[in-house]
Amino acid sequence: MDHLLDRSPLKTKTNERLRRGFLEQHRQGRLLHFLIDPEIPPTNNAAERALRSVVMARKVSQCSKNLLGATTYTRIKSVVETARLRGEDPVAVLMALRR
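All figures in this text were calculated on a predicted structure; none of them were measured in a lab.

Calculation notes
Residues numbered from 1 in each chain as written. Predicted model: local features only at pLDDT ≥ 70, side-chain atom pairs only at ≥ 80, totals over all residues. Heavy atoms only, no water. Helix = DSSP H or I, 4+ residues; strand = E, 2+ residues; numbered from the N terminus. Buried < 20%, exposed > 50% of the residue type's maximum accessible area, 1.4 Å probe, protein only. Areas by Shrake-Rupley, 256 points an atom, 1.4 Å probe, with all protein chains shown as cover. Lys, Arg positive; Asp, Glu negative; His and termini not counted. Charge placed at Lys NZ, Arg CZ, Asp CG, Glu CD. Salt bridge = Lys/Arg side-chain N within 4 Å of Asp/Glu carboxyl O. Polar contact = N/O pair within 3.5 Å; in protein donor to acceptor, adjacent residues only side chain to side chain. Contact = heavy atoms within 4.5 Å.

**A few points about the overall build of the protein chain**
When its secondary structure is counted, the protein chain shows five helices and zero strands. Listed by position from the N terminus, the elements making up the protein chain come as α-α-α-α-α. Judged by the C-alpha coordinates and their principal axes, the protein chain covers about 55 × 35 × 20 Å. Taken over 99 residues, the protein chain has a buried fraction of 11%. Roughly 8600 Å² of accessible area belongs to the protein chain as shown, and the carbon and sulfur atoms make up 58% of that amount. Taking the 19 positively charged and 10 negatively charged side chains of the protein chain as two groups, their mean positions are separated by 11 Å.

Here it is in structure tokens:
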């Protein structure tokens, strides 16, 4: 991996930026960390799926037509998804936060 990433700059700006990003992650030990720790997924597919409902809601609702609505929605959605991932009742968590 060192040999592939630590080389002379690539021809296009986009490819060079990507190479430098990979090199930085590799130097910090994060590029292939999922191979060592089986708890770390190799892709961000779960995060992408979690965001899908947020994008759909934004398209069909009026909640993100202004900054206050968008901020409120993202905060509530973050709490709900975190509660679900922890196996907690999202409504109970929201009510506890409200108190």
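**Some thoughts on the pattern of salt bridges**
Counted according to the given criterion, the structure contains five salt bridges. Glutamate 16 is the salt-bridge partner of arginine 19, the closest N and O atoms lying 2.6 Å from each other. Linking arginine 19 with glutamate 16, this pair stays in helix 2 (residues 13-27), spanning three residues, or about one helical turn. What makes arginine 19 buried here is its relative accessible area of 9%.

**Things to note about the side chain of arginine 19**
Polar contacts involving the side chain of arginine 19 include one to the side chain of glutamate 16, which spans 2.6 Å. Apart from residues no more than four positions distant in its own chain, arginine 19 is found in contact with Leu5, Asp6, Arg7, Ser8, Pro9 and Leu10.

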